[in-house]
Amino acid sequence: MNQLRAKRMPKTRKILHLDLDAFFCAVEEQFNPDLRGKPIAVGGQPGERGVVASASYPARQYGVRSAMPMAQALRLCPELIIVSQTRGAYSERSRQVMAILRDTAPDVEPLSIDEAFLDVTILPSPIGEIARDLQARINKELDLPCSLGGATNKLVAKTANTVGKARQAKGKPPNAITIVAAGEESQFMAALPIRALWGVGPKTAEDLAALGLTRVGELAHWSEAALKRRLGKLGSELWQRAQGIDHRPVLPTGEAKSISKEVTFPRDVDDRSQLELTLRRLSDGVGRQARKAGLAGATVKLKLRWTDFTTLTRQITLDNPTDLDDEIYSKATALFESHWPDGRAVRLVGVGLSGFGLPNRQLGLWDLDRQVDDLQSVLDNLRDRYGETTIRRASDLNFQFSDDNRP
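Just so it is clear, the structure is predicted and the values come from calculations on it, not from any experiment. (Residues numbered from 1 in each chain as written. Predicted model: local features only at pLDDT ≥ 70, side-chain atom pairs only at ≥ 80, totals over all residues. Heavy atoms only, no water.)

Turning our attention to the environment of S91. Positionally, S91 belongs in helix α5 (residues 89-104). The exposure class of S91 is partly exposed, given its relative accessible area of 34%. (Helix = DSSP H or I, 4+ residues; strand = E, 2+ residues; numbered from the N terminus. Buried < 20%, exposed > 50% of the residue type's maximum accessible area, 1.4 Å probe, protein only.)

As structure tokens, then:
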């Protein structure tokens, strides 16, 4: 399918990257217009070790950022207004945005709840006009600010959006549109700092700086062979990106690479039973999400964060992919037993599933595996209809998650 599409694809593509500006905050401002223009942060309370899920642009002027501990955000901005997440509202608004995108373009690749690529090559209008019409529609119909970048490929479109948003006046949503014309990709990329190039992290930036390369244009002037000798395969990839080259198609049905759930405790936990019960709930949540997505994974990952914020991650690979809660929990607890020093306090615990493939069920004489699948399906349907706590395990009856920490 993709090969046929590539053969029919015109030489010059028109790709848009859309990003909803401070999405969670924008939705909360719809519920409470008095919040508009004020420094707000959506997330958990500082006394419960909450973190910032989204910061408004006035809050960002104080240095408040996503994933920052809420206590730190308050120190930076004492006037910060903390807003608890409105469950379900963000997903609903995201679905409405994606519906508009799919009404505009034949190929839409969602990247997250507030970000997507669109291939609008087939549309006759200039890419800038398409971007303006799309932005105006989202602004008007959904009252949401959004920024767009446009180019002949995904790499340059996303980079253009990032650069365009940064150039706007501070303290308010950028609602920007930045288009890089066909043939100007390498010129646009050349002026950017090396860290703006996708795939360049702090360590790679240090390695490139040691070679005298601090701008993308400087890297682009090296030969691909020389960079490959220095950095291996990454060197070749970075050279192509520095030229503004990216042949990746927009994939309408982007597949998830992993499924994970984690919880940060209001207070550090060193009790084995509570940690194991948390693993049970997280494993159930991961399994349920995998089944809803029609996925099964062969790799189970455990994540533990200690009180000093250092994080341990370990994983184990199964013989066959699974989507069953018990199998995920069994491997997660095995990893836990192997790597948790008895009695060490834990700040955060998480369970993940990746390496997706088809589940391999070996049905026995009594079809026990089929019975497990049927029971799992019934439980999923009940929880979908009546809520997460409708059906609970006996071992879970004396254990409560707070609303902010429920997986």
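So that's the structure; there's more coming.
A word on the pattern of salt bridges. Working definition: two side chains of opposite charge can pair if their charged atoms are close together. A complete count under the given rule lists 19 salt bridges for this structure. When the shortest N-O distance is used, the salt bridge between K203 and D207 registers 3.0 Å. In this pair, K203 and D207 are both assigned in helix α9 (residues 202-210), four residues apart and thus about one turn of the helix distant. The class for D207 is partly exposed, based on a relative accessible area of 31%. Where salt bridges share partners, they join R272, E276, E337 and D342 into one cluster. (Salt bridge = Lys/Arg side-chain N within 4 Å of Asp/Glu carboxyl O.)

The mixed open sheet is built from three strands, whose spatial order is β3-β2-β4. The open sheet is flanked by β3 (52-55) and β4 (81-83), the only strands paired with a single partner. The sheet shows a mean angle of 30 degrees between the axes of neighbouring strands, taken without regard to direction. Alignment of strand β2 (residues 40-43) against β4, held across three bridges, turns out to be parallel. Residue A41 lies in a different strand from β4, and its bridge partner there is I82. (Pairing = 2+ DSSP bridges. Axes fitted to C-alpha atoms, helices over the stretch in contact; angles between N-to-C directions.)

Geometric values such as these leave the question of function open.
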